Amino acid sequence: MAPQSITTTSTKTLVLLLCVMMFAQRKEGNRFCTAAGNSRIWPVGDSAGWSFSVMGWPNYKPFKTGDVLLFHYKRGTHNVVQVSIVEYTLCKVPGYVSIWRSGDDRITLARGVSFFISGIPGDCDKGMRIAVTAR
């Protein structure tokens, strides 16, 4: 019985240690993991937030389906609109889309390319637009 008791104690200790390590790593800088550990919350523009110089922000980031983009900005100054590639290119907001306006908008990525602009007149033309590819 002693070897089984030692093995059981070691296994419990190992499991507890792994749980503590996973909990400690849930928050890593500006990126957070969900409970499932597969999705991330990506603050758009990092510390600058959703701003005029955000166009290159998505470059080389490993976005995955189910990841969440966090658009942080001062409420009332900007907004977020998910658009088609044509609307993205032309900086146009169609009349049939949802517009996020909270200043703390969270949008879950679908597989493929997603296009986002600020629908405030002039914002998109000044660089408030991103194209994000989720795999």
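Residues numbered from 1 in each chain as written. Predicted model: local features only at pLDDT ≥ 70, side-chain atom pairs only at ≥ 80, totals over all residues. Heavy atoms only, no water.

Undergrad: Account for the overall build of the protein chain, with residues named and values stated.
TA: Of the regular secondary structure elements, the protein chain holds two helices and nine strands. In sequence order, the secondary structure elements of the protein chain are arranged as α-β-β-β-β-β-α-β-β-β-β. Counting across all 135 residues of the protein chain, residues that qualify as buried make up 33%. Long-range pairs, those at least 24 residues apart, make up 63% of the contacts in the protein chain between residues at least 6 apart in sequence. (Helix = DSSP H or I, 4+ residues; strand = E, 2+ residues; numbered from the N terminus. Buried < 20%, exposed > 50% of the residue type's maximum accessible area, 1.4 Å probe, protein only. Contact = heavy atoms within 4.5 Å.)

Undergrad: Before we move on, can you summarise the pattern of salt bridges with the specific residues and values?
TA: For the structure on display, the rule yields one salt bridge. With a closest N to O distance of 3.8 Å, Asp104 and Arg106 form a salt bridge. What makes Asp104 partly exposed here is its relative accessible area of 38%. (Salt bridge = Lys/Arg side-chain N within 4 Å of Asp/Glu carboxyl O.)

Undergrad: Give a description of the side chain of Asp67 that names residues and reports values.
TA: Looking at the element boundaries, Asp67 is found in the loop between strand S3 (40-43) and strand S4 (68-72). No salt bridge is formed by the buried Asp67. Its closest oppositely charged neighbour is Arg40, at 5.7 Å. Of the polar contacts made by the side chain of Asp67, one reaches the backbone nitrogen of Arg40; its length is 3.0 Å. There is a polar contact of 2.9 Å between the side chain of Asp67 and the backbone nitrogen of Lys64. Setting aside anything within four residues of it in sequence, one finds Asp67 in contact with Asn38, Ser39, Arg40, Trp42, Pro62, Ile107, Thr108 and Leu109. (Lys, Arg positive; Asp, Glu negative; His and termini not counted. Polar contact = N/O pair within 3.5 Å; in protein donor to acceptor, adjacent residues only side chain to side chain.)

Undergrad: Provide a residue-level description of the environment of Gly66, including the pertinent values.
TA: Here Gly66 lies in the loop between S3 and S4. When its relative accessible area of 22% is taken as the criterion, Gly66 is described as partly exposed. Distance from Gly66 to Leu109, taken between C-alpha atoms, is 5.2 Å for residues 43 residues apart in sequence. If sequence neighbours within four positions are ignored, Gly66 has contacts with Ser39, Thr108 and Leu109.

Undergrad: Tell me what's going on with the packing of aromatic side chains, and back it up with residues and numbers.
TA: For the structure on display, the rule yields five aromatic pairs. Look at Trp57 and Phe63: their rings are 5.6 Å apart centre to centre, the planes differ by 55 degrees, and that puts the pair in the tilted class. Here Trp57 falls in the buried class, since its relative accessible area comes to 8%. Residues Tyr88 and Phe115 carry aromatic rings whose centres are separated by 5.1 Å and whose planes lie at 50 degrees to one another, so their mutual orientation is tilted. Of this pair, Tyr88 sits in helix H2 (residues 85-90) while Phe115 sits in strand S8 (residues 112-117), and the two are 27 residues apart along the sequence. Comparing Tyr88 with Phe115, the two get one shared label, buried. Counting every residue linked through ring pairs, the aromatic cluster contains Trp42, Trp57 and Phe63. (Phe/Tyr/Trp six-rings, centres within 6.5 Å; stacked < 30°, edge-to-face > 60°.)

Undergrad: Go over the sheet that holds strand S5 (residues 80-83), please, and point to the residues and values.
TA: Taken in spatial order, the four strands make up an open sheet running S6-S5-S8-S9, and their pairing is antiparallel. Edge strands, defined here as strands with exactly one partner in the open sheet, are strand S6 (99-100) and strand S9 (129-134). Pairing of S5 with S8 involves three bridges; the strand directions are antiparallel. Along S8, the bridge assignment pairs Val81 with Ile117. (Pairing = 2+ DSSP bridges.)

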